[in-house]
Amino acid sequence: QVQLVESGGGLVQPGGSLRLSCAASGFTLRYYAIGWFRQAPGKEREVVSCNSASDGSTYYADSVKGRFTISRDNDKNLVYLHMNSLKPEDTAVYYCARDNRMYGSNCQGDNWGQGTQVTVSS
């Protein structure tokens, strides 16, 4: 019953901000690394951010570092991606994903959400 449901995407102008949410169910979020990925049209899916459950470390892709922030509310089984200073190249479908193993740091497991569209355009 593992389920991840993204929300919060939409249309935003360059320089704007969005907050994406990922609601996790069927497991206890605090035990799992979880991350955000995105896939732009015609491009491969890429990691945006990953938050480890083992040591709390966080990875950000160079393209979003300093602009995006991943956070958790483990008590509510929620994950967020705060996106600031958005650029047109941030346009993509954004997915959250969970590690296959507890207490790990690999965000790209077998469990994915359905994705939420983020479009950055003037």
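Here we summarise the structure given alongside this text. (Residues numbered from 1 in each chain as written. Predicted model: local features only at pLDDT ≥ 70, side-chain atom pairs only at ≥ 80, totals over all residues. Heavy atoms only, no water.)

1. Considering unusual backbone geometry
At step 1: Even without being glycine, S85 reaches a positive phi, approximately 50°.
At step 2: Looking at the secondary structure, you find S85 in the loop between β8 (78-83) and β9 (92-102).
At step 3: On the accessibility criterion, S85 (41% relative accessible area) is partly exposed.
At step 4: At Y103, a residue that is not glycine, the phi angle is positive and equals roughly 60°.
At step 5: Looking at the element boundaries, Y103 is found in the loop between β9 and β10 (111-112). (Helix = DSSP H or I, 4+ residues; strand = E, 2+ residues; numbered from the N terminus. Buried < 20%, exposed > 50% of the residue type's maximum accessible area, 1.4 Å probe, protein only.)

2. A few points about the environment of V79
At step 1: Structurally, V79 can be placed in strand β8.
At step 2: The buried category is assigned to V79, whose relative accessible area is 0%.
At step 3: Each C-alpha atom of the pair V79 and L29 lies 8.7 Å from the other, and the pair is 50 residues apart in sequence.
At step 4: Excluding anything up to four places from it in sequence, V79 contacts L20, S21, C22, L29, I34, W36, I70 and S71. (Contact = heavy atoms within 4.5 Å.)

Read these as geometric descriptors, not functional statements.
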